[in-house]
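A closer look at the structure
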Amino acid sequence: MKKSIIFILPDLETGGAERIITTIANHLPRDRFSPSILLLRKEGAYLDFLKPDVEIIDIQTPRIRHSLKPILLEIKRRKPDIVFSGFGEVNAYLSLFIRLFPKTKFIARETNVVSQHVTRKEIRFFYKFYNGYDKIIAQSNDMQHDLVKNFGIKKKKLVKINNPVDINFIEEKLNGSERPIEFSHQYKNVVAIGNLSARKGFDNLLKVFSRLKNQNILLHILGDGKDKEMLLQMKEMLGLDHVIFHGKKSNPYQYLKYADLFVLSSRYEGFPNVLLEAGACGIYSLANNCPGGIDEIILDQINGEIANIDDYDSFAEKIKHAVHKNNNKENIKESIKNRFSKDIILQKYEDLLWNI
């Protein structure tokens with residue numbers, strides 16, 4: 001008998017959680033599962049990637065705090081076998097009402113290290129009810145430990161499933177990618193990618209690059225966000241002519257393909273897709289030593305290194321050394337593919353959903 005599943009997300013914009021749930025819904029075997037995706041608002045680029053047989057439930061509710069009642073009404077009406085909530089704030093609110101649906105299994109997928117990411121007291125309150133979930137998916141050991149230590153989650157409720165990386169998709173993007181015109185052949189080119197917000201630590205990265213002014217190294221930052229103006233002002237103040245803000249790019253793999261180094265400067269992560277993708281492009285990485293599964297992705301001196309970015313001088317020295325390393329791109333790619341390929345990770349999701 002097929003299991004009916006409702007996945008819950010705010011929308012299908014191009015974020016990590018949206019990508020994972022789109023991929024899961026598309027690839028679940030239809031002889032076992034019937035997937036639907038409930039969206040607070042039907043918008044986002046990943047709508048175009050969904051298979052036609054994945055039903056979209058649009059509750060047309062722009063604000064998360066107003067979404068709870070329509071979500072509960074849809075669950076009551078449809079009586080799914082499984083509800084899979086993939087967004088932290090919705091997970092929190094929903095936890096209080098799980099007991100109303102004793103015949104439905106509830107799964108929450110956390111997207112970040114909660115104690116770092118969730119600061120509002122009114123949302124943290126709901127984590128008192130989190131043990132009501134049948135299973136809670138953490139992307140990394142750090143996320144698991146945080147939920148047990150800081151929120152009293154029972155270990156038996158937790159299951160770790162790392163994020164997958166779609167190797168075939170990335171290789172298709174790489175095949176048609178030409179060297180970006182901003183990549184000077186006279187310079188080493190370092191790439192950083194992410195939302196321009198405090199969490200991603202680009203302010204620290206600019207301070208690091210203020211130590212590299214006399215080096216033939218360019219820093220290319222891809223992304224947009226609320227801190228853009230502040231970071232541009234900081235670039236100007238520090239005199240960083242060798243730092244280029246490119247904005248958001250539809251094909252970031254073009255920049256990764258020709259990079260000499262990828263840098264992750266985040267203050268915390270969930271399980272960073274961009275670090276997986278850099279490795280899938282064969283690019284060596286230097287990552288800040290922050291919570292969120294970094295040490296599960298980086299194999300020291302094989303696909304990258306981990307260091308403390310707030311030691312600006314030391315981190316700058318590591319960049320100077322890393323851009324001149326003669327890395328084996330195929331070894332880097334294999335180090336990611338062998339552990340985080342889509343087929344490996346999707347099988348873990350399928351097993352969880354079938355056996356719950």
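Presented here is a report on the structure given in the accompanying data block. No experiment lies behind these values; they were computed from the predicted model shown.

So, the environment of Gly282
Considering the arrangement of structural elements, one finds Gly282 in the loop between helix H11 (273–280) and strand S12 (285–288). The class of Gly282 is buried, set by a relative accessible area of 2%. Separated by 49 residues in sequence, Gly282 and Asn331 place their C-alpha atoms 7.7 Å apart. The residues contacting Gly282, other than those within four sequence positions of it, are Lys329, Ile332 and Lys333.

Regarding helix H15 (residues 342–355)
Along its 14 residues, H15 runs 20 Å from first to last C-alpha, staying within 8% of the 20 Å computed at 1.5 Å per residue. Of all the positions in H15, only Lys342, Ile345, Leu346, Tyr349, Glu350, Leu352 and Leu353 are classed as buried. The buried side chains of H15 occupy one side of the element, clustering within an arc of 160° when seen end-on. Exposed and facing more than 90 degrees away from the buried side of H15 are Asp343 and Asn355.

Quick word on the side chain of Asn251
Examined against the element boundaries, Asn251 turns out to sit in the loop between strand S10 (243–247) and helix H10 (253–257). Exposure remark for Asn251: the relative accessible area of 16% places this residue in the buried category. Within the local environment of Asn251, its side chain forms a polar contact with the side chain of Ser177, the two groups lying 3.1 Å apart. Setting aside residues no more than four positions away along its own chain, Asn251 makes contact with Lys173 and Ser177.

Regarding the packing of helix H8 (residues 202–209) against helix H9 (residues 228–238)
For the pair H8 and H9, the least separation of the axes is 10 Å and the interaxial angle reads 15°. Here H8 is positioned roughly parallel relative to H9, judged by the angle of their axes. Crossing of H8 against H9: the hand is right-handed. Contacts from Phe202, Asp203, Leu206 and Lys207 in H8 reach Leu231, Met234, Lys235 and Leu238 in H9.

Remarks on the sheet that holds S10
Taken together, six strands build an open sheet; the order of strands is S10-S9-S8-S11-S12-S13 and the sheet is parallel. Every interior strand has two partners, whereas the edge strands, S10 and strand S13 (304–307), have only one. Across the sheet, the mean angle from the axis of one strand to that of its neighbour is 20°, orientation sign disregarded. The pairing of strand S8 (residues 188–193) with strand S9 (residues 217–222) spans six bridges and is parallel. Bridge pairing links Asn189 to Leu218 in S9. Across the sheet, H11 touches S8, strand S11 (261–264) and S12, and the angle it forms with S11 is around 170°.

Structural notes on the packing of aromatic side chains
A full pass over the atoms with the stated rule returns 14 aromatic pairs. Residues Tyr127 and Tyr130 carry aromatic rings whose centres are separated by 4.4 Å and whose planes lie at 35° to one another, so their mutual orientation is tilted. Taking relative accessible area as the criterion, Tyr130 reaches 0% and is therefore assigned buried. Chaining the aromatic ring pairs together yields one cluster made of Tyr93, Phe125, Phe126 and Phe129. The aromatic ring of Trp354 is capped on one face by Arg32, whose charged end is 4.1 Å from the ring centroid.

Describing the environment of Leu261
The topology assignment puts Leu261 in strand S11. Assessed through its relative accessible area of 0%, Leu261 is described here as buried. Residues Leu261 and Leu231 lie 30 residues apart in sequence; the distance between their C-alpha atoms is 21 Å.

What to know about the sheet that holds strand S1 (residues 3–9)
Sheet strands pair via backbone hydrogen bonds, and the direction of the pair is either parallel or antiparallel. As summarised here, the arrangement of the seven strands in space is S3-S2-S1-S4-S5-S6-S7, forming an open sheet in which the pairing is parallel. Of all the strands in the sheet, just strand S3 (55–58) and strand S7 (158–160) have a single pairing partner and so form its edges. Strand-to-strand, the axes of this sheet are offset by a mean angle of 25°, without reference to chain direction. The pairing of strand S2 (residues 33–39) with S3 spans four bridges and is classified as parallel. Bridge assignment links Ser36 to a residue of S3, and that residue is Glu55.

Let's talk about the pattern of salt bridges
Scanning the entire structure with this criterion turns up 17 salt bridges. A salt bridge links Glu74 to Arg77; the nearest nitrogen and oxygen atoms lie 3.1 Å apart. Note that Glu74 and Arg77 are positioned in helix H2 (residues 68–78) at a spacing of three residues, about one turn of the helix. Salt-bridge contacts for Glu269 lead to Lys200; the nearest nitrogen and oxygen are separated by 2.8 Å.

What counts as what
Residues numbered from 1 in each chain as written. Predicted model: local features only at pLDDT ≥ 70, side-chain atom pairs only at ≥ 80, totals over all residues. Heavy atoms only, no water. Helix = DSSP H or I, 4+ residues; strand = E, 2+ residues; numbered from the N terminus. Buried < 20%, exposed > 50% of the residue type's maximum accessible area, 1.4 Å probe, protein only. Contact = heavy atoms within 4.5 Å. Expected span 1.5 Å × (residues − 1). Arc of directions from axis to C-beta. Polar contact = N/O pair within 3.5 Å; in protein donor to acceptor, adjacent residues only side chain to side chain. Axes fitted to C-alpha atoms, helices over the stretch in contact; angles between N-to-C directions. Parallel < 35°, antiparallel > 145°, perpendicular 65-115°, else oblique. Left-handed = near helix turned anticlockwise from the far one by under 90°. Pairing = 2+ DSSP bridges. Phe/Tyr/Trp six-rings, centres within 6.5 Å; stacked < 30°, edge-to-face > 60°. Lys NZ or Arg CZ within 6 Å of the ring centre and 35° of its normal. Salt bridge = Lys/Arg side-chain N within 4 Å of Asp/Glu carboxyl O.

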